[in-house]
Amino acid sequence: MANSPIADDAALVARAREGDREAFTELVMHYQVPLYNMALRMVGSRDDAADIAQEAFLRAWEKLRTLKGNPFKPWIFQIAVNLCYDHFRRRKRVAAMPEEGQEAHVVSLGLPVPDPAERAEAGERARIVRDSINGLDPDLRTALILRDVNGLAYEEIAAVIRAPLGTVKSRIARARGHVQERLLMFPELFARPVDDQEQQHER
Amino acid sequence: MNAEPELEDLSAYLDQELTGTARQQLEAHLQTCETCRRRLAALRQTVSAVQALPTEAPPRVFTIPPQRQQRTGAPGWAWAGGALAAACLLVVVTTIGLANLPHGGGMATTNAPASRYQGGADRGPTMTVTDPQDLSKQLTISSGSTAFSADQGTTTGSQAAAPLAASKNQPLQVGLILQGVPGDGVPANLTDAHVRLTLLRDGYEVALANPDTFSAARENGAVRITATFRVGSPPLPSPAAGNYVLRVTWQVPDGSGVSLVAQVPVTVAN
Ligand SMILES: [Zn+2]
């Protein structure tokens, strides 16, 4: 998360490596929401995403000594991304499972609550975006999610997936291109942008 | 730049990851090329659509069981809800018994582990959500029981586990804890507390009317509210019996525009 400076992480990691569980719990607090949401967008199922996040924290705790002086954030994401790939292999399929039980456990956090009609349309938009992401191959999906769901910088993503910056840049662009193609199939929900929208941003 | 920019460059430009000459060349090209301005705008809209996916709260509390030691590879781990001593302070979301809703008729009756919320209305399911942007803001809802009768005097034969006898006078008791309300005022009613309570089933939504009883108090920086409703009074869809979700929406009164939403299952029996 943006408000978790690397220096803080490093201090917490140092304490946790001495066996300080409280320090590690603070790291869990910092990263549980981004990590869970990364896994959720990767695998599509809330239960599986929660399993992956839990397992990632357990592995991180146990292997904390191998981290040496490296930053915690890309490391914990790397562990969780690898678990997502394990999940795909176990499933022997790459497509994510549809999210189940929408109404039952959806919890909106930190979001304005729109009226029911808006909510229905937003729900439909979200479903199409999720489907588009699920249609990506895992490498592209990972790059897109780390960038546009988690907001990681290219350098951080490069550290997570252990690939050069050029690869990161190219995967993000290709993933966005594929998603864009899918979204344009639903012009009533994703209107084509007008030119001045962009100029306003640029000036 | 004579050649048209690649998708890669437009994409990196959006992310502020294009630097130096490459960036200058792209900006110069955009000045003169409407097609590329449109490409960029379309890409920006795609990114916004992905970014607009809601951030969801984890359905469980992530803990490291005490027996898990560093450096050892002890096999097998289990969820340990509330195993941490400080878990009650660290709970982002505790979801109890929501997993079966609204598909099955069975209701979970588990109580929240390690909950510090031991008010009078928490015999039934409880849920707590925290604003991830501001951990001091927290909303808890609990219901006094999970099963009620919608009509007069009918017993709930199929709801043997229901903790309360069903009658039209059986109140639906709701407990709310609003953590992080500035000042020391005590709300006089739900509206005053910026709280909205609704019953939902299959997308059908009923806003609960004024409660029969309402009480609020301040305690440790939180506002605690207990309210009771007659289940027979709201205009429930027909047939009224079934599994509902009791949802609370709290518009956090700090000008952030943030609403926290929590919900617990409620069964209305015939
Ligand atoms: Zn051009």
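Because the structure is predicted, anything quoted here is derived from the model rather than measured.

Analysis parameters
- For every chain, the first residue of its written sequence is number 1, and the numbers climb from 1 along that sequence.
- Note on labels: chains are lettered from A, ligands numbered from 1, in written order.
- Totals for whole chains, interfaces and linings use all residues, but because this is a predicted model, local features are given only for residues with pLDDT of at least 70 and pairs of side-chain atoms are given and counted only at 80 or more.
- To obtain the side-chain values, all non-hydrogen atoms of the structure were used and water was disregarded.
- Put simply, DSSP H or I for four residues or longer makes a helix, DSSP E for two residues or longer makes a strand, and each gets a number counted from the N terminus.
- A 1.4 Å probe rolled over the protein chains alone gives each residue an accessible area, and that area as a share of the maximum for its type sets the label: buried under 20%, exposed over 50%, partly exposed in between.
- When checking whether two residues touch, look at their non-hydrogen atoms; a contact exists if any pair is within 4.5 Å.
- Only centres within 6.5 Å qualify two rings of Phe, Tyr or Trp (six-membered ring in Trp) as a pair; their planes then separate them into stacked at under 30 degrees, edge-to-face at over 60, and tilted for everything else.
- Only nitrogen, oxygen and sulfur atoms qualify as donors, and only when within 2.8 Å of the metal (3.2 Å in the case of Na, K and Ca); with water excluded, sites may look incomplete.
- The rule is simple: four donors are tetrahedral if all their angles sit between 85 and 135 degrees, four are square planar and six octahedral if opposite donors span more than 155 degrees and the others lie between 65 and 115, and anything that fits none of that is irregular.
- Nonpolar cores are built from buried Ala, Val, Leu, Ile, Met, Phe, Trp, Tyr and Cys residues. Side-chain atoms within 4.5 Å join them into one set.
- Whether two strands pair comes down to DSSP finding at least two bridges between them.
- Note on geometry: axes are C-alpha line fits, over the in-contact stretch for helices, and angles between N-to-C directions span 0 to 180 degrees.
- Here the word oblique covers every angle except those under 35 degrees (roughly parallel), over 145 (roughly antiparallel) and from 65 to 115 (roughly perpendicular).
- Crossing handedness: left-handed means the near helix sits turned counterclockwise from the far one by under a right angle, and right-handed means the same turn made clockwise.
- Polar here means any residue other than Ala, Val, Leu, Ile, Met, Phe, Trp, Tyr, Cys and Pro, which are nonpolar, and Asp, Glu, Lys and Arg, which are charged; Gly is therefore polar.
- Here a salt bridge means any side-chain nitrogen of Lys or Arg lying within 4 Å of a carboxyl oxygen belonging to Asp or Glu.

### Brief notes about the overall build of chain B
Moving on, step 1. A count of helices and strands for chain B gives four helices and eleven strands.
Moving on, step 2. The burial tally for chain B puts 48% of its 270 residues in the buried class.
Moving on, step 3. Excluding contacts between residues fewer than 6 apart, the proportion of contacts in chain B whose partners are at least 24 apart in sequence is 62%.

### Considerations on the packing of aromatic side chains
Moving on, step 1. Counting across every chain of the model gives six aromatic pairs over all chains.
Moving on, step 2. Ring geometry for Phe57(A) and Phe62(B): centres 5.8 Å apart, planes at 40°, overall tilted. Linking Phe57(A) in helix 3 (residues 46-62) with Phe62(B) in the loop between helix 3 (34-51) and helix 4 (87-90), this pair reaches from one chain into another. Comparing Phe57(A) with Phe62(B), the two get one shared label, buried.
Moving on, step 3. Among the aromatic side chains, those forming a connected cluster through ring pairs are Phe24(A), Tyr31(A), Trp61(A), Phe72(A) and Trp75(A).

### Examining the coordination of the zinc ion
Angles between donor atoms at a metal ideally measure 109.5 degrees for a four-coordinate tetrahedral arrangement and either 90 or 180 degrees for a six-coordinate octahedral one.
Residue and element names in this part refer to chain B.
Moving on, step 1. In this structure, Glu-4 (OE), His-29 (NE2), Cys-33 (SG) and Cys-36 (SG) serve as the protein donors to the zinc ion, at separations of 2.0 to 2.3 Å.
Moving on, step 2. For the zinc ion, the four donor atoms are set out with angles of 88 to 133° between them, so the coordination reads as tetrahedral.
Moving on, step 3. Linear spacing of the donor residues for the zinc ion on their chain is E-x24-H-x3-C-x2-C. Of the two residues, Glu-4 is situated in the segment before helix 1 (7-14) and Cys-36 in helix 3; the sequence distance between them amounts to 32 residues.
Moving on, step 4. Given a relative accessible area of 45%, Glu-4 falls into the partly exposed group.

### Considerations on the nonpolar core
Moving on, step 1. Phe24(A), Met38(A), Phe57(A), Phe72(A), Ile76(A) and Phe77(A) are the most contacted members of the largest nonpolar core, which totals 78 residues.
Moving on, step 2. Of all hydrophobic cores here, the second largest spans 29 residues; its members include Leu139(B), Val181(B), Val195(B) and Ile225(B).

### Regarding the pairing of strand 9 (residues 222-230) of chain B
Residues and elements named next belong to chain B.
Moving on, step 1. Relative to strand 9, strand 8 (residues 213-219) runs antiparallel, the two sharing seven bridges. In the strand pairing of strand 9, Glu-219 is matched with Ala-222.
Moving on, step 2. Connecting strand 8 to the antiparallel partner strand 9 that follows it, the hairpin turn spans two residues, and Asn-220 within it adopts a positive phi of roughly 50°.

### Notes on the pairing of strand 2 (residues 126-130) of chain B
Residues and elements named next belong to chain B.
Moving on, step 1. Taking burial as the measure, the five residues of strand 2 include five buried ones, the bulk of the element.
Moving on, step 2. Alignment of strand 2 against strand 3 (residues 138-143), held across five bridges, turns out to be antiparallel. Paired with Thr-128 across the two strands is Thr-140, which belongs to strand 3.

### With respect to unusual backbone geometry
Moving on, step 1. Notably, Lys68(A) is not glycine yet its phi reads approximately 50°, a positive angle.
Moving on, step 2. Relative accessible area serves as the criterion here: at 57%, Lys68(A) is assigned to the exposed category.
Moving on, step 3. The phi angle at His194(B) is positive, at roughly 60°, despite the residue not being glycine.
Moving on, step 4. With respect to the element layout, His194(B) can be found in the loop between strand 5 (171-179) and strand 6 (195-201).

### A few points about the packing of helix 1 of chain B against helix 3 of chain B
Residue and element names in this part refer to chain B.
Moving on, step 1. Orientation of helix 1 relative to helix 3, taken along the N-to-C sense of each, is 55°, at an axis distance of 10 Å. Classified by the interaxial angle, the pair formed by helix 1 and helix 3 is oblique. Handedness of the helix 1/helix 3 crossing: right-handed. Between helix 1, through Leu-7, Leu-10, Ser-11, Tyr-13 and Leu-14, and helix 3, the contact on the second element is made entirely by Arg-39, Leu-40, Leu-43, Arg-44 and Val-47.
Moving on, step 2. Looking at side-chain class alone, the contact of helix 1 with helix 3 contains seven nonpolar, one polar and two charged residues.

### Digging into the pattern of salt bridges
Moving on, step 1. Per the counting criterion, the structure on display carries 19 salt bridges over all chains.
Moving on, step 2. Residue Arg46(A) is joined to Glu56(B) by a salt bridge in which the shortest nitrogen-to-oxygen separation is 2.7 Å. Of the two residues, Arg46(A) sits in helix 3 while Glu56(B) sits in the loop between helix 3 and helix 4, which places them in two different chains.
Moving on, step 3. When its relative accessible area of 6% is taken as the criterion, Glu56(B) is described as buried.
Moving on, step 4. We note a salt bridge from Arg224(B) to Glu219(B), for which the minimum N-O separation is 3.3 Å.
Moving on, step 5. Of the residues examined, Glu219(B) reaches a relative accessible area of 38% and is grouped as partly exposed.

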